[in-house]
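An overview of the molecular structure
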Amino acid sequence: MSEPNFFKTPDPVTLGEIASWAGAEILRGDPSLEIAGVAPLEDAGAGMLVFFDNTVYLKQLEGTTAAACLVGKRHKDKVPEGVAVLVCADAYRSWALVLAMLYPEAMQPRDPGVAGVSERAIVDPGAVIEDNVTVEPGAVVGAGVEIGAGTVIRANAVIGRGVRIGRDCVVGSNCTVQHSVLGNRVFLHPGVSCGQDGFGYAMGPQGHLKVPQVGRVIIQDDVEVGANTSIDRGANRDTIIGEGTKIDNQVQIGHNVVVGRHCVLVSQVGLSGSCTLEDFVAIGGQTGVRGHVTIGMGAQVAAVSVVSDDLPAGGRYGGTPAKPVKQWFREVAAVRKLAERGGGS
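Residues numbered from 1 in each chain as written. Predicted model: local features only at pLDDT ≥ 70, side-chain atom pairs only at ≥ 80, totals over all residues. Heavy atoms only, no water.

1. A short note on the overall build of the chain
Just so we agree on the cut-off: We count a stretch as a helix when DSSP gives it H or I for four or more residues in a row; a strand needs E for two or more, and each element gets its number in order from the N terminus. Here's how the labels work: a residue is buried when its accessible area is under 20% of the maximum for its type, exposed when over 50%, partly exposed in between, all with a 1.4 Å probe on protein chains only. Note on contacts: a residue pair qualifies if any of its non-hydrogen atoms lie within 4.5 Å across the two residues. Within this scheme the basic residues Lys and Arg register as positive and the acidic residues Asp and Glu register as negative, but His and the chain ends are omitted. A charged residue contributes its charge at one atom only: NZ of Lys, CZ of Arg, CG of Asp or CD of Glu.
Each helix and strand in the chain was counted, giving 5 helices and 39 strands. Overall, the chain is about 75 × 75 × 40 Å in size when its C-alpha atoms are taken along their principal axes. Expressed as a percentage of its 345 residues, the buried residues of the chain come to 43%. Counted over contacts in the chain with a minimum sequence separation of 6, partners at least 24 positions apart contribute 20%. The centroid of the 29 positive side-chain charges in the chain is displaced by 9 Å from the centroid of its 36 negative side-chain charges.

What follows is the structure in structure tokens.
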């Protein structure tokens, strides 16, 4: 069996071009040096570019035979002799900028054999589709849908009646989008479910009475949503995802949730209905947030925590229930000491 290469090998570029893309200074090396591609520290050979920003990988850096290395100022002296040094403010961010230039198709993968609306797609005659939209085979686009220029609807995605999708978006394979409004440059990875009923029941001894969910999902510009994430539509107001927010795979967002701008939600986070995340909140994986609470601007919550009360802006929190990390660490240390004391008695 042949070994496939899913992304085209980039054309060679110079070290000077790399420095320009990365916003980096060439501390050591010839600007005309030819860079043929990128590689991990341990696998890089002649002509390859690497980056370094974590001392966990110091041994790999010391042994690398790469042509050049992107590195922050504090680590610039750790790059071995013979390797060109590109110093930048944030090595990982500069690495991302370089990769985007070398592998543009990895930012928004397209099938070069598919363009326009496939004959094997089902598109309602009442849908409004701008120029340069791709609708792949098996996709379904309902009545009254509007899709902006440059957007790609992948195979077998279903776009429900009346949905609005902005420009330069990607709706991945097997996504279901209903009762939703998407801004520009929204990227839904495969399997996202967006706009389905929120989980709302009036519970009682007579049984659980379903409460109609009559809100929408509003996803603002430059949001990316990972595979198999679910975003419920609002019950009596909209569920909102703010611009620039990045959501990992398998995240659950309940009805009426408001997520601010440029938040980060890692895999398996669960946001219960009507909770609010202000701008720039970051939540680690497998953390649960109780309904109707507010997490303040810039707050960070550690993985596998439970947020049961409001959290003030700007702090770092963790544990069950979530509390300031210093308090959490003290509590963990105290319990450990008690356990050790008990074990020795």
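Once you've had a look at it, read on.
2. Comments concerning a nonpolar patch on the surface
Stated precisely, the cut-off is as follows: Two joining distances apply to patches: 9 Å for like charges and 5 Å for nonpolar side chains (Val, Leu, Ile, Met, Phe, Trp, Tyr), and every residue must have over 30% relative accessible area and no salt bridge. Areas reported as accessible are Shrake-Rupley estimates using a 1.4 Å probe. Residue values count occlusion only from the protein chains shown. Throughout this description, the term salt bridge denotes a Lys or Arg side-chain nitrogen within 4 Å of a carboxyl oxygen of Asp or Glu.
Taken together, the side chains of Phe199, Tyr201 and Met203 define a hydrophobic patch exposed on the protein surface, amounting to about 410 Å² of accessible area. Mapping Tyr201 onto the fold places it in strand 21 (residues 201-202).

3. As for the packing of aromatic side chains
Short version of the rule: Here is the rule: rings of Phe, Tyr and Trp (six-membered ring for Trp) pair when centre to centre is within 6.5 Å. Planes less than 30 degrees apart are stacked, more than 60 are edge-to-face, and the remainder are tilted.
Tallied over the full model, the rule gives 4 aromatic pairs. Look at Phe199 and Tyr201: their rings are 5.2 Å apart centre to centre, the planes differ by 70 degrees, and that puts the pair in the edge-to-face class. Classification of Tyr201 by relative accessible area gives partly exposed; the value is 36%.

4. Examining the side chain of Glu136
Put simply, the test is: Polar contacts, as counted here, are pairs of nitrogen or oxygen atoms within 3.5 Å of one another; within protein the pair requires one atom able to donate a hydrogen and one able to accept it, and residues that are adjacent in sequence qualify only if both atoms are side-chain atoms.
Inspection of the secondary structure puts Glu136 in the loop between strand 10 (134-135) and strand 11 (140-141). A polar contact of 3.0 Å, which involves the side chain of Glu136, links it to the side chain of Arg154.

5. Overview of the nonpolar core
Under the convention used in this document: To qualify as a nonpolar core, a set must consist of buried Ala, Val, Leu, Ile, Met, Phe, Trp, Tyr and Cys residues joined through side-chain atoms within 4.5 Å.
Core analysis: the largest hydrophobic core is formed by 50 residues, its most contacted members being Leu188, Ile219, Leu271, Leu277, Ile283 and Ile295. The residues touching Leu271, leaving out its near neighbours within four places in the chain, are Gln252, Ile253, Gly254, Val257, Val259, Leu265, Leu277, Ile283 and Val289. Residues Ala68, Ala84, Trp95 and Val98 belong to the second largest nonpolar core, which totals 20 residues.

6. Notes on the sheet that holds strand 32 (residues 276-277)
The condition is simple: When DSSP finds at least two bridges between two strands, those strands are taken to pair.
Reading across from one edge, 9-12-15-18-23-26-29-32-35 is the order of the 9 strands in this open sheet, with parallel pairing throughout. Looking at the sheet topology across the chains shown, the edges are occupied by strand 9 (128-129) and strand 35 (294-295). Here 3 bridges tie strand 23 (residues 217-219) to strand 26 (residues 239-241), and the two strands are oriented parallel to one another. Bridge pairing in strand 26 links Ile219 to Ile241.

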